[in-house]
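# Close look at the chain arrangement
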Amino acid sequence: MSSLSSPTAAKRTAEAKQVLGDNDRGTYTVPTARLYPFQWNWDSVFVALGWAELDLDRAWKEITTLFDAQWPSGMVPHIVFWTDQSTYFPGPDVWGTTNQPLSSGISQPPVAATVVRNLQEVEPRLTINLFKGIDRWHQWWHTARDPKNIGLISVVHPWESGRDNLPDWDRPMSTVDSSSIGAYQRRDLDMVDQTMRPHRHEYDRYLALVEFGAEANWDDQVIGATNPFLVADPGVTSILLRAERDLAWLGRSIGLDTAHIERRIERLENGFVQLWNPEAGTYCSLDLRSGRHADAGTSASFLAAYAGVTTHLDQLDHELGLWASACNFLVPSFDPRHRHFEPKRYWRGPVWAMINYMIAIGFAEVGREKWAGRIRQSTRDLITQSGMSESFDPITGGPVGGSNFAWTAALWLSWVNKD
Ligand code: DGY
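A brief look at the structure comes next.

Let's shift gears to the site of the ligand. Around the ligand, the structure places Tyr36, Trp40, His78, Tyr88, Trp159, Asp164, Arg197, Tyr203 and Tyr346. Side-chain polar atom of Tyr36 to an oxygen atom of the ligand: 3.1 Å apart, as the coordinates give it. Contacts to the ligand include His78, whose side-chain N or O atom sits 2.8 Å from an oxygen atom. Protein contacts shield 96% of the accessible area of the ligand, which totals 230 Å² for the unbound molecule. Partitioned by chemical class, the residues of the shell around the ligand number six nonpolar, one polar and two charged.

Time to look at the pattern of salt bridges. A full pass over the atoms with the stated rule returns 31 salt bridges. A salt bridge links Arg264 to Glu244; its shortest N-O distance comes to 2.7 Å. Remark: Glu244 occurs in helix α11 (residues 234-253) and Arg264 occurs in helix α12 (residues 259-272); sequence separation between them is 20 residues. Among the salt bridges present, the one from Asp314 reaches Arg368, with a minimum N-O distance of 2.9 Å.

On to the sheet that holds strand β4 (residues 231-232), then. Read across the open sheet, the four strands follow the order β3-β4-β7-β8; overall the sheet is antiparallel. Edge strands, defined here as strands with exactly one partner in the open sheet, are β3 (154-155) and β8 (292-293). As judged from the two bridges shared by β4 and strand β7 (residues 286-287), these two strands associate in the antiparallel manner. Considered in β7, the bridge of Val231 is made with Asp287.

Rules and cut-offs
Every residue gets a number counted from 1 within its own chain, in the order that chain's sequence is written. Local features in a predicted model are, by the rule used here, given only for residues with pLDDT of at least 70; side-chain atom pairs are given and counted only at 80 or more, and totals for whole chains, interfaces and linings are based on all residues. Excluded from the side-chain calculations are hydrogens and water; all other atoms, namely the structure's heavy atoms, are used. Think of it this way: one heavy atom of a residue within 4 Å of a molecule or strand is enough to make that residue near it. Think of a polar contact as two N or O atoms within 3.5 Å of one another; within protein, one of them needs to be a possible hydrogen donor and the other a possible acceptor, and neighboring residues in sequence only count if both atoms come from side chains. Calculation of accessible area relied on Shrake-Rupley with a 1.4 Å probe; when residues are assessed, cover is drawn exclusively from the protein chains displayed. Residues were grouped as follows: Ala, Val, Leu, Ile, Met, Phe, Trp, Tyr, Cys and Pro as nonpolar; Asp, Glu, Lys and Arg as charged; and all remaining residues, including Gly, as polar. A pairing counts as a salt bridge when a side-chain nitrogen of Lys or Arg comes within 4 Å of a carboxyl oxygen of Asp or Glu. We count a stretch as a helix when DSSP gives it H or I for four or more residues in a row; a strand needs E for two or more, and each element gets its number in order from the N terminus. At least two DSSP bridges between two strands are needed for those strands to be called paired.

Here is the structure:
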């Protein structure tokens, strides 16, 4: 185990700064140059934490650039196509959106309020405009992504969860008709080995959902009522619940009335219980089209404490112990004892630094320091061993996915190696 000031840690710190610099496009940061050559929503927001260690102006800029792409509906897109790049598919022509700047038609986990709170605590610079932008985005999640008004946030595309090919989506995705999808060329496989990426049949259905949204002109009501994929996600729901609490804090810090935010918090607190799957003994996604829970937990199940939900804490503590016995590094993205666990395939097993960061914060806040420390140490060991990789194999600790990844670098600087 290396210490905070060891030569290896110093080397990783230099590398992390280099990665942020290389991926910096002036007003936003790309996740990694060729695989993901635009601004990605939650990547960018986590990256602001890294910039805050180096240049506070640049950190705020990262976030305000993202909100420059907010739609009139309040939606903040998951990809903003600020430039024209041929190394990525599907580009703006496939999404068929009209809002300027061009973007995708779905969103991504709303971590902005929480990160803005972190920045605001370093030095208060929050503008009313940004506050209102985040507030409108949160409201959008409650209306557009809770069409049945049950107090749970759903995703209408696996990419909207940010956890693209999680086994949770297999069953709901199996009903998506992809027969109209013609020939296309994936670009991700030019850069990353196919054993680490989603399968072709998953891509076909990802594209079928994009086609469905484009044909509906990305109308939230049509999508909420008829999209073939509508799954309540413990990841997005937990992240939004946490973000709502942080938005209320931000509002109070600048003297605004936050009663409407408190009402939204209560809605999610009441809805959250529906994610508990007694058979699996953990929080699971809930397919709203079939009414069925997924049959196993994911790393997002452990975000309950981060969301401020402390029911079932002992069960989650116990569950994480079982996961820890089944792998060498925490926290795998999917239950390592399940038959669908794959330690190298994108979201079916690998460990992600930013998920670990959120889980560790939650556990620390509810007094489970043991897990918070262990998860941070695992992240440290992984990055020390494998560098600024997109994600990591929980069995071998090896690098998985893209390299030179901005959010891994940002979390090394702002959390993993911060004294
Ligand atoms: C991709 O293209 O793999 C992305 O994860 C979509 O956000």
